[in-house]
Amino acid sequence: MSATTTRDERYLMDRDRVLGPLFLLPAVVYILALVGLPLVLAVLYAFSDVTVADPRISGRDDFVGFDNFRAIWSDNVFRKALRNTVVFTLISQVIVLLLANILAMVLSADFHGKRLVRFLVLLPWTTPVALGVLGWFWMLDSVYSPIDWMMREVGLLGPDTPFGPARNMYWLGTTHLAQGAVILVHVWRTLPLATVILLAGLTAIPQDIRDAADIDGAGFWRQLFYIRLPLLLPIMAVALLFAIIFAFTDLTIALVLTRGGPVNDTQVLASWAYFKGIQGGNLAQGAAIALFLLPVLVAIAIAMLRLARRAGEETA
Amino acid sequence: MKHPTFRTDRDTMARVETRNLVKQFTASGAPAVNGISLQTTDGEFLVLLGPSGCGKTTLLRMIGGLEKPTSGDILIGDRVVNDLPPRARQIAMVFQSYALYPHMNVRNNISFPLKAAKLDKAAIEQKVQWASSILGIDQLLDRKPRQLSGGQRQRVALARALVREPNVFLLDEPLSNLDAQRRASARDELQVFQHEIGTTTIYVTHDQVEAMGLGDRIAVINDGTIRQLGTPHEIYEDPADTFVATFLGSPPMNLVERDGDLVGFRPEAVELVPPEHGDASSWLHLTLAEAREEYLGSEKLIYGEIDGVRVVARVHAGTPMPAHEGGKIPITVNRAALRIFDKDSGLRRQPASDSVSASPAEEASA
Ligand SMILES: Nc1ncnc2c1ncn2[C@@H]1O[C@H](COP(=O)(O)OP(=O)(O)O)[C@@H](O)[C@H]1O
Ligand SMILES: [Mg+2]
C-alpha cells in the first residue's frame, strides 16, 4: 500500500466527496424526471400546436407563441373554470380554517375516548381521494341518495314538504347544489390534515404560557384571541398553504363527483385542462390551461412562506 | 433600581395556609406532595427549599390554582380557595421560564393582566409606568421578549406580576435562568423589592444560598413533606434531621457515628490546632485519616475520613497544617457545636433550642 493513502479515505464509507453526491443522486433524478421534465414539456406544449394525434415538436413552425393562451382566455368555459377554482378554494379554505381551529381546540382538551375521536377525524385523510369521492358520489346520487332518503323520512322532501314537491334533491344536477357539494367534499378532504397541523401547533404552546394567562385572569375568549390564535398564526399559515395548494390543483373531486357538470358549472382549471388536453386531444391548450395555475401557486407559496417566517421570528 | 412611592392601601393582607395538602399525580406512584401543612405570616418572604423533584413546584401550583389538590385545603387570607380558579385568588406568579407572551411587546405583556381585569386605558398606562420604573425596564417597553436578556425578561415577568397588586406573589425559581453574577445582584434586588412592597411571597428554589439569603423563613422539603420550617438561622444551626443537616451548607454538615448516634458538626466548627485546656468534657477529639487540603483563597478545606466516612473541615487559609503521620491529623470540635441525630430515624435528639420543627414524625401525629 502506498504511503500517501490517508487513513480515513481507505474505505468508501469514509469519503464524503463520493458519498454525498451518491446519496443525493436518487433525489435529483427523481425531481428531474418527475417534476422537471414534465414541467419543461408542459411549457413547450403550451407554446406549441401539438395534439394527441400529433404530439411531436419538430421545428420552429410548431411553436405558436401565445396563441393557446389567447384561445383559452376567450373561451367561456375556461373563465368559468378559473372563477370556480378560486371561489371553491377560498370558500372551502375559510370553512376548513374555522372548523379546524374549533376541532383542534376540542381535541386538545382532555376527555374520554380522545384517541378514538382523533383517529376518526383523521380517517378521511387516509382514504384514497378517488375512493372517498366515490363514496360521496353515492351519497349524493340523484335517485338513491341516502341523504334524500333521510330528508324524505323526516318530512323535508317529497310532496307538500319544504324542499318538495320533488322526491329528490338532485344534488349534483343543479348548479348551486353541485357547487356546494364540491366545496363540501373539499372541506371533508382537507379538514383532517389542517386539524392535525393545528393540533400540533396548539400542543407546541408551552404549558407555562397558558398557565400564565390563567393566572393573569384571562378568560376563554381573551386567551383564544390574544394568546392562542396569535401563537398559532405561523402554523396556521403552513396548514393553509398546504390546503390551498391541494384545493387549487385538485382534479379528482370535480372529475369523479360531477365531471365538471352541470354544464361546466363545477369545472375547475385542473379538470378543464384534463378534458381539453387529454379527452379533447388538444394537448397544447390543455398544457396552457394547466400552466395557468403555476404563477398563482408560486405566488401563494412565496407569500405563505414569508408569512410563516415572519410569524416564526415573532415567537422565537 | 428606583423605587417610586408604593401603593400601600392594600385592602387585604394575605396569609397563605395549607392544611395537609396532598397531590397524587398517578394512582400507583408516590405522591408529589404528601401532606404539607404550612402557614405564612402577612408580608412574609417564605422560601420553599428542596432538591429537584421534591414537589416544590407542585405545591406552588396548587396554591396558585393551576393544580387541583388530591386532598387537603388551601387558604388565602383565611378563606378556603380550593375551588377558586387562579384568577379569583388575587395571586401573581412568576414562572421559571418567565412565560412571557412571545408575540407581545413588553408593554403589552405587563398590561395583559390589567386588560383582562378591564381597567380603563389611563389607569393601565399609569400602572405599567409605575411597575416598569420600579423594575428599571421603562426603556424596554416596546421590545419583544426575544430582544431581551435573561435578566431583563425576569424583570418583565416580575413587572407583569406586580401591576396586578396581588395579595400573594408566587415565584418558581425565578433566578435559575440567570448567570451566576447576575443572579447574585438579582437576588439582592428581589429582596429590597419585596421588603418595599411588603407583599406575602412564596419563593421556590433548590439553591440553598438563595434560600438563606432571601427567606424570612425557609421550609425545607424532601419527598413531598416538610422536613423543617424555620428561619435561616434555625435551619442552619439546628437542623431537625440529617436531611436538613446535609442539604444546607457547602460543604454540608459532617456526620460521624459515635456511641450508636450520628454526631453532626459543621466544617467551620472544626479546629486544627488543639485548644489549650481542651478537656474531653467540652471538646470532642477526633482523628482525620487520609487528610488532604484544598486551597480556596480566603479559606481552605481539609478533606479526610473518620471511620470510613468523609469529613470536611473549613479553616482560614493561613492555618498551618499540623504535623501528620501517614496522613492522620488530630482535630477538635467544641461540644456546643455538636448536633446529635438518631441513627435509625435521622431525627434530631434533644433539640438545642426552640426551633420550629416539622419533622415527618410530628406531622404524622399532628
Ligand atoms: N403533571 C405531572 N404529572 C405527573 N407527575 C408530575 C407532574 N408534575 C410533577 N410531577 C412529579 O411530581 C414530582 C414533583 O415534581 P415538582 O413539583 O415539579 O418538583 P420540584 O419543583 O420540586 O422539582 C416529580 O416526581 C414529578 O415527576
Ligand atoms: Mg420545580
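Parameters at a glance
- Residues numbered from 1 in each chain as written.
- Chains lettered and ligands numbered in written order.
- Predicted model: local features only at pLDDT ≥ 70, side-chain atom pairs only at ≥ 80, totals over all residues.
- Heavy atoms only, no water.
- Helix = DSSP H or I, 4+ residues; strand = E, 2+ residues; numbered from the N terminus.
- Contact = heavy atoms within 4.5 Å.
- Areas by Shrake-Rupley, 256 points an atom, 1.4 Å probe, with all protein chains shown as cover.
- Lys, Arg positive; Asp, Glu negative; His and termini not counted.
- Charge placed at Lys NZ, Arg CZ, Asp CG, Glu CD.
- Rg over C-alpha atoms; globule rule 2.2 N^0.38 Å.
- Buried < 20%, exposed > 50% of the residue type's maximum accessible area, 1.4 Å probe, protein only.
- Near = heavy atom within 4 Å.
- Polar contact = N/O pair within 3.5 Å; in protein donor to acceptor, adjacent residues only side chain to side chain.
- Buried area = accessible area lost by both parts, 1.4 Å probe.
- Salt bridge = Lys/Arg side-chain N within 4 Å of Asp/Glu carboxyl O.
- Nonpolar A, V, L, I, M, F, W, Y, C, P; charged D, E, K, R; others polar.
- Domains from an automatic or database assignment.
- pLDDT = per-residue confidence, 0-100.
- Pairing = 2+ DSSP bridges.
- Axes fitted to C-alpha atoms, helices over the stretch in contact; angles between N-to-C directions.
- Parallel < 35°, antiparallel > 145°, perpendicular 65-115°, else oblique.
- Left-handed = near helix turned anticlockwise from the far one by under 90°.

Colleague: When you look at the overall build of chain B in this model, what are you seeing that I'm missing?
Modeller: Tallying secondary structure elements over chain B gives 9 helices and 18 strands in all. Taking all contacts inside chain B whose residues are at least 6 apart in sequence as the whole, residues at least 24 apart take part in 65%. Working note: accessible area of chain B is about 16200 Å², and carbon and sulfur atoms make up 48% of it. Between the centroid of the 41 positive side chains of chain B and the centroid of its 47 negative side chains there is a distance of 11 Å.

Colleague: I would appreciate a short explanation of the overall build of chain A in the present structure.
Modeller: A count of helical and extended segments in chain A gives 13 helices and 0 strands. Taking 20 Å as the expected radius of gyration for a compact globule of 316 residues, we find that chain A reaches 26 Å, considerably beyond that expectation. In terms of overall dimensions, chain A has a C-alpha envelope of 100 × 70 × 35 Å along the principal axes. Sorting the 316 residues of chain A into buried and exposed places 39% on the buried side. Here chain A carries 24 positive and 23 negative side-chain charges, and the mean point of each set is 1 Å from the other.

Colleague: In this structure, what is going on with the site of ligand 1? I would like to understand it.
Modeller: All names here are of chain B. In the vicinity of ligand 1, the residues found are Phe 25, Ala 32, Pro 51, Ser 52, Gly 53, Cys 54, Gly 55, Lys 56, Thr 57 and Thr 58. Gly 55 places a main-chain nitrogen or oxygen 3.0 Å from an oxygen atom of ligand 1. Computed on the free molecule, ligand 1 has an accessible area of 560 Å², of which 55% lies beneath the protein chains in the complex.

Colleague: Got a minute to help me understand the interface of chain A and chain B in this structure?
Modeller: Frequently, the measure chosen for interface size is the accessible area that the parts lose on association. Of the residues lining the interface, 20 residues belong to chain A; the matching set on chain B comes to 24 residues. Both sides of the chain A and chain B interface together cover about 2000 Å² of buried area, and 60% of this is carbon and sulfur. Counting across the chain A and chain B interface gives 2 salt bridges. With a closest N to O distance of 2.6 Å, Asp211(A) and Arg61(B) form a salt bridge. On the surface where chain A and chain B come into contact, there are 8 residue pairs in polar contact (both at pLDDT 80 or more). Of all the secondary-structure elements, those providing two or more residues to the side of chain A that touches chain B are α8 (207-215), α9 (220-249) and α13 (293-315) of chain A. Among the elements that take part in the side of chain A that touches chain B, α8(A) stands out by supplying 7 residues, more than any other. When grouped by side-chain class, the residues that make up the side of chain A that touches chain B number 10 nonpolar, 3 polar and 7 charged.

Colleague: In this structure, what is going on with the domain arrangement of chain A? I would like to understand it.
Modeller: Residues and elements named next belong to chain A. Split by domain assignment, chain A resolves into domain 1 (1-46) and domain 2 (66-315). Each of domain 1 and domain 2 was reduced to a C-alpha centroid, and the two centroids are 38 Å apart. Across the contact, 5 residues belong to domain 1 and 8 residues belong to domain 2. With both chains or domains summed, domain 1 and domain 2 bury close to 470 Å², and 78% of this area falls on carbon and sulfur atoms. Sorting the residues of domain 1 by area buried against domain 2 places Leu 39, Tyr 45 and Ala 46 first, and these three jointly supply 81% of that buried surface. Summed over the shared surface of domain 1 and domain 2, the result is 1 residue pair in polar contact (both at pLDDT 80 or more). Of the residues contributing to the side of domain 1 that touches domain 2, the split by class is 5 nonpolar, no polar and no charged.

Colleague: Is there a simple way to explain the side chain of Ser271(A) in this structure?
Modeller: Residue and element names in this part refer to chain A. Topologically, Ser 271 is positioned in helix α11 (residues 269-279). At 2.7 Å, the side chain of Ser 271 forms a polar contact with the side chain of Gln 267. Sequence-distant contacts of Ser 271, defined by excluding residues within four places in its chain, comprise Leu 251 and Ala 254.

Colleague: What am I meant to see in the confidence of the model for chain A here?
Modeller: Should pLDDT be low for a region, the predicted coordinates there are not to be read in detail. Here chain A shows a mean pLDDT of 83. Residues at 70 or above account for 95%. Mean pLDDT across the elements of chain A bottoms out in α13(A) (76) and peaks in α8(A) (93).

Colleague: What exactly am I supposed to notice about the sheet that holds strand β16 (residues 309-316) of chain B here?
Modeller: Strand pairing in a sheet relies on backbone hydrogen bonds, with the paired strands running either antiparallel or parallel. All names here are of chain B. Judged by pairing direction, the sheet is antiparallel, and its 5 strands sit side by side in the order β13-β17-β14-β15-β16 without closing on themselves. Each end of this open sheet is capped by a strand with a single partner; those strands are β13 (270-271) and β16. Sheet topology note: the strand β14 (residues 283-295)/strand β15 (residues 299-306) ladder contains 5 bridges and is antiparallel. Bridging from a neighbouring strand, Glu 293 pairs with Ile 302 of β15.

Colleague: What's the story with the packing of α8(A) against α9(A) in this structure? I'm lost.
Modeller: The relative placement of two packed helices is expressed as an angle between their axes plus a distance between the axes. Residue and element names in this part refer to chain A. Remark: α8 packs on α9, axes separated minimally by 11 Å, with the N-to-C direction vectors making an angle of 165 degrees. The pairing of α8 with α9 is recorded here as roughly antiparallel in orientation. Crossing of α8 over α9 shows right-handed handedness. Contact with α8, carried on its side by Ile 209, Arg 210, Ala 213 and Asp 214, involves Gln 223, Ile 227 and Leu 231 of α9 and no other residues of that element.

Colleague: I'm lost on the sheet that holds strand β11 (residues 254-258) of chain B in this one. Help?
Modeller: All names here are of chain B. Strand order in this open sheet of 3 strands is β11-β12-β18, and the pairing throughout is antiparallel. Each having just a single partner strand, β11 and β18 (339-342) make up the two edges of the open sheet. In this sheet, adjacent strand axes meet at a mean angle of 35 degrees when their direction is disregarded.

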